[in-house]
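The primary structure of each chain is shown beneath.
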Amino acid sequence: MAALSTLILLLCAAKDVMPSSPHWKPTWPSYRVPVILPQSTLNLDKPQFDAEARLEVVSPCGPACHKSSPLPTYEEVKNYLSYETLYANGSLTETEVGIYILSNGGDGSRGRSRTKRQIYGYDSRFSIFGKDFLSTGCTGTLVAEKHVLTAAHCIHDGKSYVKGAQKLRVGFLKPKQKDGSKGSNITNSAMPEKMKFQWIRVKRTHVPKGWIKGNANDIGMDYDYALLELKKPHKRKFMKIGVSPPARHLPGGRIHFSGYDNDRPGNLVYRFCDVKDETYDLLYQQCDAQPGASGSGVYVRMWKRQNHKWERKIIGIFSGHQWVDMNGTPQDFNVAVRITPLKYAQICYWIKGNYLDCREG
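The structure displayed is predicted, hence computed values, not measured ones. (Residues numbered from 1 in each chain as written. Predicted model: local features only at pLDDT ≥ 70, side-chain atom pairs only at ≥ 80, totals over all residues. Heavy atoms only, no water.)

Q: An account of the overall build of the protein is requested, with residue identities and associated values reported.
A: When you go through the protein residue by residue, the secondary structure sums to four helices and 17 strands. The burial tally for the protein puts 56% of its 361 residues in the buried class. The long-range share in the protein, meaning contacts at least 24 apart out of those at least 6 apart in sequence, stands at 79%. For the protein, the computed accessible surface area is about 15900 Å², with 50% contributed by carbon and sulfur atoms. (Helix = DSSP H or I, 4+ residues; strand = E, 2+ residues; numbered from the N terminus. Buried < 20%, exposed > 50% of the residue type's maximum accessible area, 1.4 Å probe, protein only. Contact = heavy atoms within 4.5 Å. Areas by Shrake-Rupley, 256 points an atom, 1.4 Å probe, with all protein chains shown as cover.)

Pasting the structure below:
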């Protein structure tokens, strides 16, 4: 993959396929979200920006390994949720956090792995063209007026920041309109017309220390997420984040996400599939996807009881492919990082700058 001076992002507005029923509605559960607050911030040496952007993260631990791993201690969880902040001028800080009203359980596990994407039987992906979508390299999702959620491995290889991360830009795809189209973005051609982009520079980037393996050991994909703050508002629709419900509570047991797969350049590709397994931090599924979709927001639509309406929320970040040893037989999955209550509190604080607006997941 080329040096990451242009991170590809998408606004996840693809329509998911949801059955409706007059008798039952999958409902967003209520969570008691913990409070995560910065405790101290230290200035670090400027990074070298010498890492190659790679779309593979290798680790041997699968679902059984995760489930049998001991829960992290309170101090370990605080370390994992502490974070580095990279600024546009190349300066770098490290922030330690405190955790309050901590829920039962931890927010960490061990090991993960990713290789190339796999097609599981019939290729179930759909190509979409639209002015609201962004494109190339990794994918990201708009989650606030100036914030983009993506995968940490698009920014940092676990030891160092990737080349180009200091001058990171987000590209918003603007396909050329045909005469008389009246704003329609759907075309019958195999490829969109010559693409044009609106570019916005990234002001700062947050990466959890759980991803930075030199400080948090080999816990791999559990913390493969990062938040980008843009220098100015993007003025587009965005999706809210939410706490990931247990797989059995997902509508139809399915998840949805859209991204820019490497084998379909210029196309936003939508897919949905069943969740096959889960741990506290990860969702294992067999949605067809290529590495370019890394960083896509995994979402579902459920009923919001308080507002009396259906609401889509991002509940995870697509990380990549993983081979898992299932009773001596290799099984391949695509893996998404779940937004747990702790991660929700952290990401929401990054966005809002306070915890009072982050009490409901």
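Q: Break down the pairing of strand β7 (residues 147-150) for me, citing the residues and quoting the values.
A: Judged by which residues are buried, β7 turns out to be covered on both faces: His147 and Leu149 on one side and Val148 and Thr150 on the other are all buried. Strand direction decides the pairing type here: strand β6 (residues 140-144) and β7, joined by four bridges, are antiparallel. Bridge pairing in β7 links leucine 142 to valine 148. Turn length for the β6-β7 hairpin, with the two strands adjacent in sequence and antiparallel, is two residues. Two elements, β7 and strand β10 (residues 226-230), share four bridges in a ladder whose sense is antiparallel. Among the inter-strand pairings, leucine 149 is bridged to a residue of β10, identified as leucine 227. (Pairing = 2+ DSSP bridges.)

Q: Break down the nonpolar core for me, citing the residues and quoting the values.
A: Where a protein is soluble and globular, its nonpolar side chains tend to be buried together. In this structure, Leu81, Leu149 and Ile241 are the most contacted members of the largest nonpolar core, which totals 62 residues. In terms of residue count, helix α4 (residues 341-352) provides more of this core than any other element does, seven residues in total. Ignoring any residue separated from it by four or fewer positions in sequence, one finds leucine 149 in contact with Gly140, Thr141, Val143, Ala226, Leu227, Ile241, Gly295, Ile314, Ile317, Ile339 and Ile347. Residues Ala247, Leu283, Val298 and Val300 belong to the second largest nonpolar core, which totals 15 residues. (Core = buried A, V, L, I, M, F, W, Y, C linked by side-chain atoms within 4.5 Å.)

Q: Break down the confidence of the model for the protein for me, with residues and values.
A: Confidence in the prediction of the protein, expressed as mean pLDDT, is 74, and 66% of residues score 70 or more. Note that pLDDT drops below 50 for residues 1-22; the model gives that stretch 92 contacts with residues more than four away or on any other chain. This model gives residues 102-136 a pLDDT under 50, and the stretch forms 175 contacts once residues within four places in sequence are excluded. (pLDDT = per-residue confidence, 0-100.)

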